[in-house]
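# Breakdown of the fold
Chain by chain, the residues run as shown.
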Amino acid sequence: MNRKKVYLAFALTALVMLAGCEKKEEKKTEELVKVQEYRSQMEQDIKEIQKEEYDTLQFKEAEFEEFPECSEVYILQSEDRGVTVEESIQSIKEWLKEIGQEDLNLKKQLRDAANGTDDDSKEYPYNYPGVYENRDTLPNGDFFFVNTKDCYWQMGSDGAYSVSDGTINRYLEETSKAAMDALGVNEEKIVSESKIDADSDDAYELIDGETKICDARNMAVQYFAAGTPFAISEDISIDIPYAEVFQIKDKYGYIFDICRSYKGIPIAYSDASARTEYDDISIREDSKKAYVATSGTVNAFTGHNEAQPFSEQEKTDQIIRLRDSVARLDQELAANLTVRVEDVAFVYCPICTSLEEDQDTLYPCWQYSGKNILNGRGVRIYHNAVSGEIYLYEYNLSET
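No experiment lies behind these values; they were computed from the predicted model shown. (Residues numbered from 1 in each chain as written. Predicted model: local features only at pLDDT ≥ 70, side-chain atom pairs only at ≥ 80, totals over all residues. Heavy atoms only, no water.)

Right, let's talk about the pattern of salt bridges for a bit. Inspection of the entire model under this criterion finds 29 salt bridges. Across the salt bridge formed by R340 and E61, the nearest N and O atoms sit 4.0 Å from each other. Taken together, the residues span a long stretch of sequence, with R340 in strand β25 (residues 339-352) and E61 in the loop between β3 (57-58) and β4 (63-64) at a distance of 279 residues. You can call E61 exposed: its relative accessible area is 55%. E306 is the partner of K288 in a salt bridge, and the nearest nitrogen-oxygen pair spans 3.1 Å. With K288 in the loop between β20 (281-283) and β21 (289-292) and E306 in the loop between β22 (300-302) and β23 (310-316), this residue pair connects regions lying 18 residues apart in the sequence. The burial state of K288 is the same as that of E306; both residues are buried. The network of salt bridges with shared partners includes D45, E48, R321, R323 and D324. (Salt bridge = Lys/Arg side-chain N within 4 Å of Asp/Glu carboxyl O. Helix = DSSP H or I, 4+ residues; strand = E, 2+ residues; numbered from the N terminus. Buried < 20%, exposed > 50% of the residue type's maximum accessible area, 1.4 Å probe, protein only.)

Rendered as structure tokens:
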């Protein structure tokens, strides 16, 4: 892979955000507004923010995402759908038939990664327990996998987590496992200088012919909306806002960010989710990439499954308005943090406070993305729009 983001994460719920800083005089600035009414009020808040001079925040270059159409927000709990042994086996069989690999010897190749390897003297993937010989005793099919040079499937607890039909691997004439497609290793070179709007009419020559980015994007939305392989809730919608173009020999492919929303409110997304623990808190944004090298299907992907269920723990029809969120952040951020804000959005931010339970609580938050101009690092800030808690992390961009 040509590059990655290295994250240095900090998540704080205290009033002072960086160690050793003095706490500023506390002022009560937050006003609650009706969710249903705020969509029409947000534009005025944006005008006021852009006119104001702040100590720690700069908004001259910021883009403000439109407030979602909704009348209430929730505190959500992530759950596992769960996959039975037979569901997992059948799903993999059907997928192999779809991609023309139905002759694959599943009795040999289908493995269970749930509890790690069982015989390190054997070559991968045969050092993992075989599914068929343990079929009657396995508790579930959550982590069954197949990984050959021709195809790769890794089941998760909600459906397929990582998949490759081997197309890119074969075109490159690689002898490595097809998982390299799904993990982005086989994107030879990113040719787009920056992310492109996925609605773009620009067209590139894919393996099977020229295809517009927007057409490939629409195909990918339908692909994931259909379920991989399980049906998704009507509360979940899928969006692909951005694309990148990568080269494979003399052809090209598209990389799409696969984003999801719950009842119209986006779930926070990061190119490479921080998932870093700090003071028992982990910010666990969505991070899913799909690779399209042919016009008719998604050839590989890795990330969350849209069939993951959520339960509504609490709901409210009032939130902290954006103007007051900005004022609160300016009051609480430390003096050695000056953020040039590039994007502001209203999202659900997944927070994990117990790695043993491995469940996320999703809070409605104002999300601020930008750059700390004092040290050159990227910054992501979440301000809980219900409780007022603040979470922050920084990251370095590095070329690899």
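As a further point, take the side chain of D330. Summarising the element assignment, D330 is placed in helix α7 (residues 322-332). A distance of 2.9 Å separates a polar side-chain atom of D330 from the backbone nitrogen of D55. (Polar contact = N/O pair within 3.5 Å; in protein donor to acceptor, adjacent residues only side chain to side chain.)

Glancing now at the sheet that holds strand β14 (residues 236-239). Spatial strand order, β14-β17-β18: three strands in an open sheet with antiparallel pairing. Only two strands of the sheet have a single partner each, and these edge strands are β14 and β18 (265-266). Strand direction decides the pairing type here: β14 and strand β17 (residues 259-262), joined by four bridges, are antiparallel. In the sheet register, I238 faces β17, and the bridge partner there is R260. (Pairing = 2+ DSSP bridges.)

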